[in-house]
Every structure is written in structure tokens, then in C-alpha cells.
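For reference, the chains in residue letters:
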Amino acid sequence: MPDPSAAADDAVAVFTDLREEGRELDSLVRRLPAPEWARPTPAPGWTIAHQIAHLHWTDRASLLSLTDATGFAVMVEEAVKAPDSFVDDGAREGAALPPAELLTRWRDTRDALAQTLAAAEPDTRFPWYGPPMKAASMASARLMETWAHGQDVADALGVRRTPTARLRHVARIGVRARDYAHAVHGLPAPEGEFRVELTPPDGAGVWAYGPPQAPQRITGPALDFCLLVTRRAHRADLDLTATGPDADRWLDIAQAFAGPAGAGREPGAGREPGAGRDRGAGRDRGVGR
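Residues numbered from 1 in each chain as written. Predicted model: local features only at pLDDT ≥ 70, side-chain atom pairs only at ≥ 80, totals over all residues. Heavy atoms only, no water.

### Some points on helix 5 (residues 99-119)
In this model, helix 5 (21 residues) spans 30 Å end to end at C-alpha, consistent with the 30 Å of a helix rising 1.5 Å per residue. Taken together, the buried positions of helix 5 are Leu102, Leu103, Trp106, Thr109, Arg110, Leu113, Ala114 and Leu117. In an axial view of helix 5, the angular spread of the buried residues amounts to 140°, which keeps them on one side of the axis. Turned more than 90 degrees from where helix 5 packs its buried face, Ala100, Asp108, Gln115 and Ala119 sit exposed. (Helix = DSSP H or I, 4+ residues; strand = E, 2+ residues; numbered from the N terminus. Expected span 1.5 Å × (residues − 1). Buried < 20%, exposed > 50% of the residue type's maximum accessible area, 1.4 Å probe, protein only. Arc of directions from axis to C-beta.)

Structure follows, in C-alpha cells:
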């Protein structure tokens with residue numbers, strides 16, 4: 001299992017890491033000419049402007065949750081009225097703004113959110129569209145989404161990003177969301193914990209989750225696992241190995257985010273390490289389907 005003291009340190013570091021993740025994505029878009037904001041991304045119907053607008057919309061919702069429970073409740077009511085379209089509607093509204101204005105709004109909101117999260121009482125739970133969250137968990141979720149949508153922007157621009165240790169926050173969410181991923185697909189949760197061992201971007205050591213003796217196991221690069229659980233790459237293009245039938249099934253349905261899984265990426269669409277592997281790669285050859 002991970003060192004509890006290390007997890008506590010991450011609960012503090014995540015606020016700084018969230019800022020850094022936002023700055024990295026900002027660096028990809030801040031010098032883009034206005035027409036480039038209309039460049040399509042791998043998400044069907046979404047341009048670069050839609051991606052940034054969605055992050056701004058969600059950051060604004062998070063800030064309301066922290067500072068204005070009544071205002072956030074109004075946003076939830078609007079979402080309930082249009083459960084299948086409110087995310088797209090929010091992205092569409094923001095994407096219609098001039099790119100410079102959208103970028104300024106996103107910067108201002110994400111900065112205010114980062115400050116408010118860091119100053120929040122650590123044990124207070126704030127309302128969300130799902131279960132209430134503590135500030136550190138909300139920051140982790142915002143970092144995960146910023147990284148994932150940043151991947152969409154990077155792919156649209158043909159940019160290969162350098163993975164960082166900030167991925168540990170994404171990986172942890174992906175591991176903890178195992179049972180949720182099964183529920184989304186109408187499947188029972190597996191019995192017992194899995195062992196997940198991920199090689200961090202710098203190649204030093206391992207990020208480990210779950211009992212060392214667990215028979216069901218996942219191993220591979222942390223980057224590949226994060227691409228998988230955010231559905232930014234197809235399993236066939238990633239260097240992840242499953243040991244055990246339940247672990248094998250999980251890799252087919254894993255997701256770190258709330259809501260429907262969506263279509264995900266097609267095989268061969270990824271440019272990350274492992275791209276072009278055979279469809280059966282990453283499965284133990286002795287494991288039945």
C-alpha cells in the first residue's frame with residue numbers, strides 16, 4: 001500500500017500541482033492565433049475553444065461550490081433540467097467567446113479556484129454533482145480533468161507533452177474509481193483489492209496501490225494507465241499488463257471520471273508510448289476473456 005505520510009503530503013502538494021497543470025496547458029494555447037482555436041480535437045464536435053471553455057465552466061462550478069452553495073445549487077438545477085446536454089451547452093457557450101476573452105476568463109477563474117482550494121478547511125466537504133468532496137479531492141479531480149483535456153488540445157496541435165510526477169494524482173483517482181467503472185457498465189464490483197504497480201515518468205521506483213500479495217494485478221507505465229483511465233488512448237495502444245480475469249476486464253472499462261464512459265479513442269489513434277501494439281498486447285497470455 002502507498003505510504004500514508006506520502007498520501008498526506010500529496011494532499012498538500014496537489015494545490016501547487018493543480019496550478020502547474022493549468023500553466024502547462026495555458027502555455028499550449030496562449031500564443032495560438034484566433035483561427036487556431038477552432039481546430040478540431042479528438043472529442044467529436046469539440047474544438048480547442050470547447051476544451052478550454054469546458055475547463056473554465058467546471059472551474060467556475062467548483063469555485064461556486066466552495067464559496068456560494070446557493071449559486072452552485074442553481075447550477076445543479078440547470079443540469080438536472082438538461083442532463084444529456086448541459087456539459088456540451090456550457091462548452092458551446094464559452095467557445096462562442098473571442099479566444100482572448102475566453103483565455104482571460106479561464107485564467108482568472110482557475111487562479112481564484114486554486115487560491116480558494118488551498119485556503120479551505122481540509123476536512124470540510126463541499127457539494128458536487130456527485131458525492132461531496134474535500135478540497136484536496138476536488139483539486140485532484142480538477143487536475144485530472146485539466147490534464148485529460150490538455151491531452152486533447154496537445155493531440156489537436158500535434159504536440160507531445162512530457163509527462164510529470166503530477167500524474168500520480170490522476171493514477172490514484174483511476175485506481176480508486178475501479179468499482180465505479182464497473183457500476184457505470186452495470187457490472188458487479190470485483191471481490192478484493194487489486195495490486196497496481198506503475199512506473200513513474202522518471203523511471204525511479206514504482207507507484208504501488210493495493211496489497212502486494214493480491215493475485216489480480218495491473219502493471220505498466222503510469223502515463224499509459226492515466227491515458228487509459230481518462231480514455232485518451234485505446235488499451236490496444238498502451239503497454240499495460242493485466243494478471244487475472246477481473247483485472248483484465250477492468251482494463252477494458254476503466255475510467256477515472258464521473259458519468260458515461262463515452263466512445264473513447266479508436267485503436268491506433270494514440271501517439272504515446274505503446275502506440276501500434278497488437279490488439280492483444282498487455283494481456284497475460286494465460287488469461288481467458
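### Side note on the pairing of strand 3 (residues 195-199)
Examined bridge by bridge, strand 3 and strand 5 (residues 217-221) share 5 bridges and lie parallel to one another. Directly across from Thr199, in strand 5, lies its bridge partner Pro221. Where strand 3 and strand 4 (residues 207-209) come together, 3 bridges link them in antiparallel fashion. Paired with Glu197 across the bridge in strand 4 is Ala208. (Pairing = 2+ DSSP bridges.)

### Describing the pattern of salt bridges
Side-chain pairing between opposite charges can occur once the charged atoms of the two side chains come close. Evaluated as defined, the whole model comprises 23 salt bridges. Measuring nitrogen to oxygen at the nearest pair gives 3.0 Å for the salt bridge that ties Asp155 to Arg265. Linking Asp155 in helix 6 (residues 135-157) with Arg265 in the segment after helix 10 (245-253), this pair joins segments that are 110 residues apart in sequence. On the basis of relative accessible area, Arg265 is assigned to the buried category, the value being 12%. (Salt bridge = Lys/Arg side-chain N within 4 Å of Asp/Glu carboxyl O.)

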